[in-house]
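# Inside the fold
The residues making up each chain are set out below.
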Amino acid sequence: MFIYTKPNLIRFLVGAICLLLLLNFLWTSDSDGASNTSLSKLSIRRVHKYAHIHIPKNNKNDSGSDREGNTNILPAAPLAPVAKERELHSNRNSSSPTTRTVIATANATSISQDLNQAHNYFPNDYANSTQKPEMSLTPNCTDPDPRDGGPITPNTTLESLDIIEAELGPLLRPGGAYQPTDCVAQHHVAIIVPFRDRYAHLSVFLRNIHPFLMKQRIAYRIFIIEQTNGKPFNRAAMMNIGYLEALKLYQWDCFIFHDVDLIPLDDRNLYNCPRQPRHMSVAIDSLNFKLPYRSIFGGVSAMTRQHFQAVNGFSNSFFGWGGEDDDMSNRLKHANLFISRYPINIARYTMLKHLKEKANPKRYENLQNGIGKIEMDGINSIKYEIYSIKEFPTFTWYLAELKNSERKS
C-alpha cells in the first residue's frame, strides 16, 4: 500500500522522470536518431550502429557495364533514397551473415548494381550512353572568368547541420551532389573528405564549400569517409577508400582530397581537373600564407583518375598525424609527375581551429622506405569494411573500418 508522505512523493516523481527519459532514449535510438535532414554530433553517433553491409560479388564486366549491357554514366548520381540507415550492398548470392572484407584492386572502377538503380535525372538515352550527356540546345560549361572572381570571406559561424541542410538542400541533389542546369559540365569531380570527430568543422566546411563549388559550374559530389574507432586515424587510407567507393558510383574525371578544416578564401581557386597533380592549399593563414616547402602536397590536393592509378594511391602505412602527404609527393616524382600550383594570392585557405593531433612516431621511417613499397602499398592492397552508407542532403557518408595493420617498417 502506497503511503502519501513527502519522501515517497519525491521518490515517485524521480522514478517517473527517469522512466520518461529512458523511454525517450529508446524511442530516439529506434527511430534512427536523425532524419534525412539532421546530423548533429549526437545523431551521427546514433547512426553508427555498425550494421554490417555485405559487399556483393562483382556483377560487372571489365568495361564497367552490367550483364545486360547497360552502363551508368550519370554525373554525380546519388545513392538510392535512404529514409533510415540501410544496407545498400546486400549480398544476394550468399546466405552467410558474415561481413566480407573489401580487398581493393587498382582497377576497381565498376559501378555497384544496387547503386545503378539510383534516381535518373537524365533522359534514358543519356543514362544508357557511354558518353557524357551532350544536349544540343545546352552549351558546354566554361570555367569562370577570373576577372569576375577574387577574395571571399567565409562564414565560420557555427550552426547545426539542420540549418545548413535547410539552406543548401533545395539547391542540391541527394547525397551532396550538384550539376549546373544551364550548361553541360565539363569536369566531374569527387570531393573526398577523410573524417573523424570533427563535427563542428564539418558543418562550417559544408556551409562554405557548396556555394564555392556551385559557382564553378562543375558536376561534383561530396563524400565523407569516416574511420571507425579502434585504431589511430589513417587519413591516407580513408582517402584511398573514398576513391574506390566513389568510383562505384561514377567514373569521375578527377578527385579533390580535402581536409575538413580548410576553407578556400578566393573563388578563382578552381576545383577542376588538372593536367598535372595540383596542390591546392598553397597559402594557409595559420602558416602566414607561405608555402612551407616546395614538395608539400598536404591539406587539399587534386588528381585525375589516371594520376591516382599511376602512383597506386596513397600509402596505407601512416597511422596517426603526418608523413602521408610527403610520401605521396615522393610517389608523384617517382611516376614522373610534378606538382602544379595556382599563384599564392589565389590558392589561399583559412584553417579552422583544432587541437594538434598526435604525431605518427614511424612517419620518417615509413617515408624513408616508401619508394620501395609503392607497388605493394596503396589502393591495390587496402583491406577495409564498409559498415554503413548513408545519404544526407549535403553529403554522402561512409563508415569504414580499416583492416590493414600498422607495418613494422
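Residues numbered from 1 in each chain as written. Predicted model: local features only at pLDDT ≥ 70, side-chain atom pairs only at ≥ 80, totals over all residues. Heavy atoms only, no water.

This brings us to helix 4 (residues 161-168). Three or four residues apart is the spacing at which side chains of an α-helix point the same way, because the helix has 3.6 residues per turn. Here helix 4 has its buried residues at Leu161, Ile164, Glu165 and Leu168. Angularly, the buried residues of helix 4 cover 95° about the axis, an arc narrow enough to put them on a single face. Those residues of helix 4 hidden inside the fold are in contact with helix 5 (199-214), strand 11 (383-392) and strand 12 (395-402). (Buried < 20%, exposed > 50% of the residue type's maximum accessible area, 1.4 Å probe, protein only. Helix = DSSP H or I, 4+ residues; strand = E, 2+ residues; numbered from the N terminus. Arc of directions from axis to C-beta. Contact = heavy atoms within 4.5 Å.)

Here we take up the packing of helix 4 against helix 5. For the pair helix 4 and helix 5, interaxial distance at closest approach is 9 Å and the crossing angle is 10°. Taken together, helix 4 and helix 5 sit at an angle that is classed as roughly parallel. Of the residues in helix 5, those in contact with Leu161, Ile164, Glu167 and Leu168 of helix 4 are Leu202, Ser203, Leu206, Arg207, His210 and Pro211. Its residues assigned to classes, the contact of helix 4 with helix 5 shows six nonpolar, two polar and two charged. (Axes fitted to C-alpha atoms, helices over the stretch in contact; angles between N-to-C directions. Parallel < 35°, antiparallel > 145°, perpendicular 65-115°, else oblique. Nonpolar A, V, L, I, M, F, W, Y, C, P; charged D, E, K, R; others polar.)

Moving on: the state of the cysteines. One pass over the full model with this rule turns up two disulfides. Between the sulfur atoms of Cys141 and its disulfide partner Cys183 the distance amounts to 1.8 Å. Of note, the bridge from Cys141 to Cys183 carries an S-S torsion of about 90° and is right-handed in sense. One end of the pair, Cys141, is in the loop between helix 3 (124-127) and helix 4; the other, Cys183, is in the loop between strand 2 (177-178) and strand 3 (188-195), with 42 residues separating them in the sequence. Judged by relative accessible area, Cys141 falls into the buried class, the value being 8%. Across the disulfide, Cys254 is cross-linked to Cys273 (sulfur-sulfur distance 2.1 Å). Between Cys254 and Cys273, the S-S torsion sits near -70°, and that sign places the bridge as left-handed. Here the residue Cys254 occupies a position in strand 5 (residues 254-258), and Cys273 occupies one in the loop between strand 6 (262-264) and strand 7 (278-279), the gap between them amounting to 19 residues. Counting only the cysteines that take part in disulfides, in the order they occur along the protein, gives the pairing 1-2, 3-4. (Disulfide = S-S within 2.5 Å.)

All we've got here are geometric facts, nothing functional implied.
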